[in-house]
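These are the residues of each chain, in order.
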Amino acid sequence: MRSILIAGNWKMNFTEKQAIDFLKNLNIENKNIELLICPPFISISAMSKILKNSFIKWGAQNVYPEKFGAFTGEISPIMLSELGCSYVICGHSERRDIFNENNEIIVKKVLSVIDEKMTPILCVGENEKDIKEGKALLKIKTQIESVFSKISKNEKIIPVVAYEPVWAIGTGKSATPEYAQKIAQNIRNYIANIHGETYAESVRILYGGSVNSLNISDFIKEKDIDGALIGGASLDTAKFREIYNKVILTQGV
Ligand code: PEP
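On a predicted model such as this, the values are computed, not experimentally measured, just so you know.

A.B. asks: Before we move on, could you go through helix α7 (residues 136-148) and cite the residues and values that matter?
C.D. replies: With 13 residues, α7 extends 19 Å from end C-alpha to end C-alpha; this agrees with the ideal 18 Å at 1.5 Å per step. If you check which residues of α7 are buried, you get Ala136, Ile140, Gln143, Ile144, Ser146, Val147 and Phe148.

Here it is as structure tokens:
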């Protein structure tokens, strides 16, 4: 049985002071669903001190896949692990599109995160051009295969996959739960073809793209969707709390 994960991706938002204020105002009482916040790197240390006795986990939005060295401006998995990060987002579409990250570098990131005993959240998804050209599934299949074929079936840390249609990110136009389910099912099949059914059944697949408190329940009711990666709505304590409370209600926990 897969557990639900609700993850916030703050992107390049909030100063350290704003991040601390956010946590002070979040006020989440029920602790029965896994909750994660990925702030900008500079706030991780301060957040880790505030959250160390809380059920709320923290993670990073990106990483450079080397331990130390001459990589000006980069942050290594060892640094993130020492700060207590549980998860690291790898291959977000903004990293792929704005910073030209390809599957080759993303697999290195995923492996480096696993090496430091953190869980990668691998983002995959199609853009509008892929859909027009009839290549949406092929793109996602390649993104999935390039990473999972490089991970041992016996590795204890199993990456989380975030299915994020690029056209739905930050647009207010989410995918329908049925559409997201169909793609999530395909993703699970691609993983099963590499590592078998049992492994694939244990992979958590999140949906991301304009998630809000009105649509979250319908997404997590789908068979292959195990939570959400949330951008915009994770920046507002009331909206984020409302989403979390909807998940609690839907799951009856
Ligand atoms: C994201 O950035 O991963 C995301 C899903 O953003 P939003 O929720 O704003 O669409």
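A.B. asks: I'd like to hear about the sheet that holds strand β5 (residues 119-124), residue by residue, with values.
C.D. replies: Taken together, the eight strands give a closed barrel; going around it, the order is β1-β2-β3-β4-β5-β6-β7-β8, and neighbouring strands pair in parallel fashion. Between one strand and the next, the sheet's axes are offset by a mean angle of 25°, whatever the strand orientation. Sheet topology places strand β2 (residues 34-38) next to strand β3 (residues 57-60); two bridges connect them, and they run parallel. Each residue of the ladder has a partner; that of Ile37, found in β3, is Trp58. Against the sheet, helix α5 (residues 103-115) touches β4 (87-90) and β5, its axis set at about 160° to β5.

A.B. asks: I'd like to hear about the site of the ligand, residue by residue, with values.
C.D. replies: In the vicinity of the ligand lie 14 residues, with Lys11, Glu164, Gly170, Ser210 and Gly232 positioned nearest. Contact between the ligand and Gly170: an oxygen atom at 2.7 Å from a main-chain N or O atom of the residue. Between an oxygen atom of the ligand and a main-chain N or O atom of Ser210, the distance comes to 2.7 Å. In the complex, 96% of the free accessible area of the ligand, which totals 290 Å², lies under the protein chains. Looking at side-chain class alone, the shell around the ligand contains four nonpolar, eight polar and two charged residues.

A.B. asks: Account for the pattern of salt bridges, with residues named and values stated.
C.D. replies: The tally for this structure, following the rule as stated, stands at 18 salt bridges. For Asp21, the salt bridge identified is with Lys17, shortest N-O distance 3.2 Å. Separated by four residues within a single helix, Asp21 and Lys17 lie in helix α1 (residues 16-26), roughly one turn from each other. A relative accessible area of 29% places Asp21 in the partly exposed class. According to the relative accessible area criterion, Lys17 is exposed, its value standing at 58%. The partner of Glu145 in a salt bridge is Lys141, and the shortest N-O contact between them spans 3.2 Å.

A.B. asks: Lay out the UniProt feature "binding site: substrate" (unreviewed entry) in the chain in plain terms, naming residues and giving numbers.
C.D. replies: Sequence positions flagged by UniProt for "binding site: substrate" (unreviewed entry) are, in local numbering, Asn9, Trp10, Lys11, Gly170, Ser210, Gly231 and Gly232. Despite a sequence span of 224 residues, these residues sit close together in the fold, their greatest C-alpha distance being 14.1 Å. Looking at the element boundaries, Trp10 is found in the loop between β1 (5-9) and α1. Not counting residues within four places of it along the chain, the set of residues in contact with Trp10 comprises Ala19, Phe22, Ile37, Cys38, Pro39, Pro40, Met47, Gln61, Ser234 and Leu235. The topology assignment puts Lys11 in the loop between β1 and α1. If near-sequence neighbours (up to four positions away) are discounted, Lys11 is found in contact with Cys38, Pro40, Gln61, His92, Glu94, Ile169 and Gly231.

A.B. asks: So what's going on with the packing of aromatic side chains? Which residues, and what values?
C.D. replies: Evaluation of the coordinates by the stated rule reveals ten aromatic pairs. Centre to centre, the rings of Tyr64 and Phe71 are 4.7 Å apart; their planes meet at 35°, and the pair counts as tilted. By relative accessible area, which is 24% here, Tyr64 ends up partly exposed. Judged by centre distance (4.1 Å) and plane angle (10°), the ring pair of Tyr207 and Phe219 falls under stacked. Placement of Tyr207 in strand β7 (residues 205-208) and of Phe219 in helix α10 (residues 216-220) is noted, with a sequence separation of twelve residues between them. Of the two residues, Tyr207 and Phe219, both sit in the buried class. A network of ring pairs unites the aromatic residues Trp10, Phe14, Phe22 and Phe240 as a single cluster. Seen from the ring of Phe99, Arg95 lies directly overhead, with NZ or CZ sitting 4.0 Å from the centre.

Reading the values: the criteria
- Residues numbered from 1 in each chain as written.
- Predicted model: local features only at pLDDT ≥ 70, side-chain atom pairs only at ≥ 80, totals over all residues.
- Heavy atoms only, no water.
- Helix = DSSP H or I, 4+ residues; strand = E, 2+ residues; numbered from the N terminus.
- Expected span 1.5 Å × (residues − 1).
- Buried < 20%, exposed > 50% of the residue type's maximum accessible area, 1.4 Å probe, protein only.
- Pairing = 2+ DSSP bridges.
- Axes fitted to C-alpha atoms, helices over the stretch in contact; angles between N-to-C directions.
- Contact = heavy atoms within 4.5 Å.
- Near = heavy atom within 4 Å.
- Polar contact = N/O pair within 3.5 Å; in protein donor to acceptor, adjacent residues only side chain to side chain.
- Areas by Shrake-Rupley, 256 points an atom, 1.4 Å probe, with all protein chains shown as cover.
- Nonpolar A, V, L, I, M, F, W, Y, C, P; charged D, E, K, R; others polar.
- Salt bridge = Lys/Arg side-chain N within 4 Å of Asp/Glu carboxyl O.
- UniProt positions renumbered as here; feature names shortened; annotations may be inferred.
- Phe/Tyr/Trp six-rings, centres within 6.5 Å; stacked < 30°, edge-to-face > 60°.
- Lys NZ or Arg CZ within 6 Å of the ring centre and 35° of its normal.

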